[in-house]
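Here is how the chains run, residue by residue.
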Amino acid sequence: MINNTQYSTGGKVNVPLDPPSSFAASAGNAKVTLTWTDPPDKTSQPSGQTIATWSYTRIVRKTGSQPAGPHDGELVVSSSVRDQYATSGFVDTGLVNGTLYYYAAFAYNTDGVASEGAFVNATPMAGTPVSSLAVGTLIKINENGAPVEYLIVNQGLPSSMYDASCDGCWVLRKDIAENRKWDSSNNDYKNSDIQAYLNGSWLSRYSAGVLSQIKQVKIPYVNGAGRSPVASGANGLSCKIFLLSVYELGWTTSDNLDFPRDGAKLSYFSSGTSSSANNKRIANYNGSATSWLLRSPRISDTDFVWGVHLRGSYDHRPCDDPCGVRPALVLPSTALVDQDLNLIET
């Protein structure tokens, strides 16, 4: 392991940079995609003088154990273009499916001094990327160790009002999981009981191998109770699990003026209130059609929320009235399913 301290060579003080940040690994079929952010140059305080300048970042790979230093393992890539792989990533190919690979990233300054390491690991697996599956396909995600069907309702960003974190494969639980109150007092989704539950206790249903693939996204939402403004884009609500909105199901203010504009139609659903559109919104609980909750508040008051009626039309109810819960989440486009459409855990 590198000792990240200043030291002197020939009278000159060499200062290591901070390690690369946001280092992440996403496994695919015989490949791993690596993303990271290169560190900024280091300056002294309070003068602001540059004392260490970034030169390049070196990524090494090992099997069996984590690399102990920048030359322990096989060189994967050496990048001298700052943040070249921060978004699209570097793809390490030719790997053996089912093998656990350990990666380490080290940033070098212009004096040739390496930073401490940043570390990730990943296991490539054979499978089909979820991004290649058609909208309307049912995949299976394990809950409490048992496969549960989830419906693909959108591929990619629904619209420009969504943050880039929402780019991926949108899935909605096929069946209603349970009945719960939206909230005990008002229709402020961010601070609601249901939002806290979905991003708290509900997550325990998933293994670590599933949780690692569920994206942390920022969804459009009404920021407050009643007729509060909609926050979208980078100002969206950060969460892993969420309820869908009226707009995401294909309704608009043309259907009801009490709808907030808190999203855009997901491609699985149809616009309007026709029977064919409503049929796509029907969901079952224990084998029977049941009403289910949306994240959208009724904007004319502070204690009613929108939901889907058991026949697929929209309806509203008091926020403390128990109703069906049908969680949604976003998977990375690189997530894989096996031949039986089971999500492959990483």
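Up top is the structure these notes are about.
Fair warning: this is a prediction, and the values are worked out from it, not measured in the lab.

The subject of this paragraph is the packing of aromatic side chains. One pass over the structure, following the stated rule, counts 16 aromatic pairs. Aromatic pair Trp36 and Tyr85: ring centres 5.4 Å apart, planes at 45°, arrangement tilted. Pair noted here: Trp36 is in strand 4 (residues 31–37) and Tyr85 is in the loop between strand 8 (74–79) and strand 9 (90–93), with a separation of 49 residues, a long-range link. One exposure class covers both Trp36 and Tyr85, and it is buried. Ring geometry for Trp306 against Tyr314: centres 5.6 Å apart, planes inclined by 85°, an arrangement best described as edge-to-face. Chaining the aromatic ring pairs together yields one cluster made of Phe23, Trp36, Tyr85 and Phe90. Residue placement shows Arg298 over the ring face of Phe304; its charged tip is 4.4 Å from the ring centre.

As a further point, take the sheet that holds strand 15 (residues 169–173). Read from one edge to the other, the open sheet built from four strands follows the order 13-14-15-27, with strand pairing classed as antiparallel. Of all the strands in the sheet, the pair left with one neighbour each is strand 13 (138–143) and strand 27 (328–331). Mean inter-strand twist for the sheet, computed between neighbouring axes without regard to direction, equals 40°. In terms of strand pairing, strand 13 meets strand 14 (residues 146–155) through six bridges, oriented antiparallel. Across the sheet, residue Lys140 finds its bridge partner in strand 14, namely Glu149.

A separate point is the pattern of salt bridges. Tallied over the full model, the rule gives 14 salt bridges. Between Lys174 and Asp175 there is a salt bridge, with its nearest N and O atoms 3.8 Å apart. Classification of Lys174 by relative accessible area gives partly exposed; the value is 31%. Each of Glu143, Arg173, Glu178, Arg180 and Arg205 takes part in one network of salt bridges that share partners.

As a further point, take the environment of Val325. Relative to the helices and strands, Val325 is located in strand 26 (residues 323–325). Sequence spacing of Val325 and Ile194 is 131 residues, and the spatial spacing of their C-alpha atoms is 8.8 Å. In this structure Val325 touches Ile176, Ala177, Glu178, Arg180, Ile194, Leu198 and Leu243, once residues within four positions along its chain are discounted.

In this section: the side chain of Arg298. Inspection of the secondary structure puts Arg298 in the loop between strand 23 (292–297) and strand 24 (304–308). Side chain to side chain, Arg298 and His316 meet in a polar contact 3.1 Å long. Once residues within four sequence positions are removed from consideration, Arg298 is found in contact with Asn187, Gly226, Asp258, Phe304, Val305, Trp306 and His316.

On to the pairing of strand 9. Residues in a regular strand point their side chains to alternate faces of the sheet. Burial of the side chains of strand 9 is restricted to one face: Phe90 and Asp92 are buried, whereas none of Val91 and Thr93 on the reverse face is. The sheet contact formed by strand 4 and strand 9 spans four bridges and is antiparallel. Each residue of the ladder has a partner; that of Thr33, found in strand 9, is Val91.

With that out of the way, let us pick up the environment of Leu257. In this structure, Leu257 sits in the loop between strand 20 (237–239) and helix 3 (275–279). The exposure class assigned to Leu257 is exposed, which follows from its relative accessible area of 71%. Counting along the chain gives 218 residues from Leu257 to Pro39, while the straight-line C-alpha distance between them is 49 Å.

Cut-offs applied
Residues numbered from 1 in each chain as written. Predicted model: local features only at pLDDT ≥ 70, side-chain atom pairs only at ≥ 80, totals over all residues. Heavy atoms only, no water. Phe/Tyr/Trp six-rings, centres within 6.5 Å; stacked < 30°, edge-to-face > 60°. Helix = DSSP H or I, 4+ residues; strand = E, 2+ residues; numbered from the N terminus. Buried < 20%, exposed > 50% of the residue type's maximum accessible area, 1.4 Å probe, protein only. Lys NZ or Arg CZ within 6 Å of the ring centre and 35° of its normal. Pairing = 2+ DSSP bridges. Axes fitted to C-alpha atoms, helices over the stretch in contact; angles between N-to-C directions. Salt bridge = Lys/Arg side-chain N within 4 Å of Asp/Glu carboxyl O. Contact = heavy atoms within 4.5 Å. Polar contact = N/O pair within 3.5 Å; in protein donor to acceptor, adjacent residues only side chain to side chain.

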